[in-house]
Amino acid sequence: MNTTEIMQLSLEMSGFDEVPADSAIYHPGKNIKKALIGIDLDAPELFYAKDAGYDLVISHHPKGGDSTINFPKVLQRHVEMMIEHGVPKAIAEAAMRETIYDAECRAQIANYDHAPSFARHLNVAYMNIHLALDEIGRKLMASSVHKLTPTSSVNDLIKTFKADMSEFRNAKTDIDIRVGEAKNKIGRVAVAHACGTNGGYPVAKAYFDHGIDTVIYIHCEGAASRTLKDEFQKKNKNLIITGHIASDSLGINPFIAALEERGLRVTPVSGIVPQ
Ligand SMILES: [Fe+2]
Ligand SMILES: [Fe+2]
């Protein structure tokens, strides 16, 4: 396979028509036989890969180039997802305005060619695949939620996630209830994942204010978690945090299996939780 075919495979598996703005081929390669894949693979890992005879390095998180510059565009997915769940358009847009602005500022700050420049000098193929793999993980979580009913408890949801997805059993982190309680009913659920990053306070609030009872994020900062708890604990809302690395692994593992089916030798590193 070449790097374009590998990117295409991620699109087919996730259902996207085009390469998401947070994913890119930094240095192309063809006739790939041996790939190193990880959640964060930077310039030093490129030296390791070259030395160990890998022809391709795939990072999950963006590591420069177009995917760093254009990253803020994928945050728009939060807006689309909120609208799909019944949040009015103007409120959904307002909930993401600051986060998108901040991300645009950060993208302009970034030293976007750092790691890609080493890939070119070392002549190691290098790419990152972010949104598509997160979308694979989101769909797995959503189909698990669909087995439940609104009267199922938060505890049932966590148990079902752990039963259905071995990454949640195998990770060192646990699924966390930041707002709500294990015995609460889940009501209407939004799996707010595969949107670039978590939506923080404003997105969870928009969901809670518009008929969603349980928001699932894969990660959330302390400050946002505290504020959401102060505001929504007494309203019987639930914020469930599944764990960053476990949840990223959830989408990465099926992709590794698909590459191996196509004859590649793939080595998972940098945090990927085994299935
Ligand atoms: Fe991810
Ligand atoms: Fe991630």
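Structural data are supplied above this passage.
Residues numbered from 1 in each chain as written. Chains lettered and ligands numbered in written order. Predicted model: local features only at pLDDT ≥ 70, side-chain atom pairs only at ≥ 80, totals over all residues. Heavy atoms only, no water.

A look at the packing of aromatic side chains
Argument step 1. Summed over the entire model, instances satisfying the criterion amount to 5 aromatic pairs.
Argument step 2. With centroids separated by 5.9 Å and ring planes inclined at 10°, the aromatic side chains of phenylalanine 161 and phenylalanine 168 adopt a geometry described as stacked.
Argument step 3. For phenylalanine 161, a relative accessible area of 0% corresponds to the buried category.
Argument step 4. With a relative accessible area of 3%, phenylalanine 168 lands in the buried category.
Argument step 5. Both rings, one in phenylalanine 208 and one in phenylalanine 232, keep their centres 4.8 Å apart while their planes meet at 50°; by these two values the pair is tilted. Here phenylalanine 208 is found in helix H10 (residues 200–209), whereas its partner phenylalanine 232 is found in helix H11 (residues 222–232), with 24 residues between them in sequence.
Argument step 6. Given a relative accessible area of 3%, phenylalanine 208 falls into the buried group.
Argument step 7. Residue classification places phenylalanine 232 among the buried positions, given a relative accessible area of 1%.
Argument step 8. Its end group placed over the ring of tyrosine 54, lysine 34 keeps NZ or CZ at 4.5 Å from the ring centre. (Phe/Tyr/Trp six-rings, centres within 6.5 Å; stacked < 30°, edge-to-face > 60°. Buried < 20%, exposed > 50% of the residue type's maximum accessible area, 1.4 Å probe, protein only. Helix = DSSP H or I, 4+ residues; strand = E, 2+ residues; numbered from the N terminus. Lys NZ or Arg CZ within 6 Å of the ring centre and 35° of its normal.)

Examining the packing of helix H1 (residues 3–14) against helix H12 (residues 244–261)
Argument step 1. Running from N to C, H1 and H12 cross one another at 125°; their axes reach a closest spacing of 11 Å. On the basis of their axis angle, the class for H1 and H12 is oblique. As for the relative orientation of H1 and H12, their crossing is right-handed in sense. On the side of H1, the interface is formed by Ile6, Leu9, Ser10 and Met13, while H12 contributes Pro254, Phe255, Ala258 and Leu259.
Argument step 2. Tallied by class, the residues present in the contact of H1 with H12 amount to 7 nonpolar, 1 polar and no charged. (Axes fitted to C-alpha atoms, helices over the stretch in contact; angles between N-to-C directions. Parallel < 35°, antiparallel > 145°, perpendicular 65-115°, else oblique. Left-handed = near helix turned anticlockwise from the far one by under 90°. Contact = heavy atoms within 4.5 Å. Nonpolar A, V, L, I, M, F, W, Y, C, P; charged D, E, K, R; others polar.)

Here's the deal with the coordination of the iron ion (ligand 2)
Argument step 1. The coordination sphere of the iron ion (ligand 2) contains the protein donors His61 (NE2), His244 (NE2) and Asp248 (OD), at a distance range of 2.1 Å.
Argument step 2. Counting along the primary sequence, the residues that act as donors to the iron ion (ligand 2) give the motif H-x182-H-x3-D.
Argument step 3. Separating the iron ion (ligand 2) from the iron ion (ligand 1) is a gap of 3.2 Å, which aspartate 248 spans by donating to each of them. Remark: aspartate 248 and histidine 244 occur in helix H12; sequence separation between them is 4 residues, near one turn of the helix.
Argument step 4. Owing to a relative accessible area of 1%, aspartate 248 belongs among the buried residues under this scheme. (Donors = N, O, S within 2.8 Å, 3.2 Å for Na, K, Ca; no water.)

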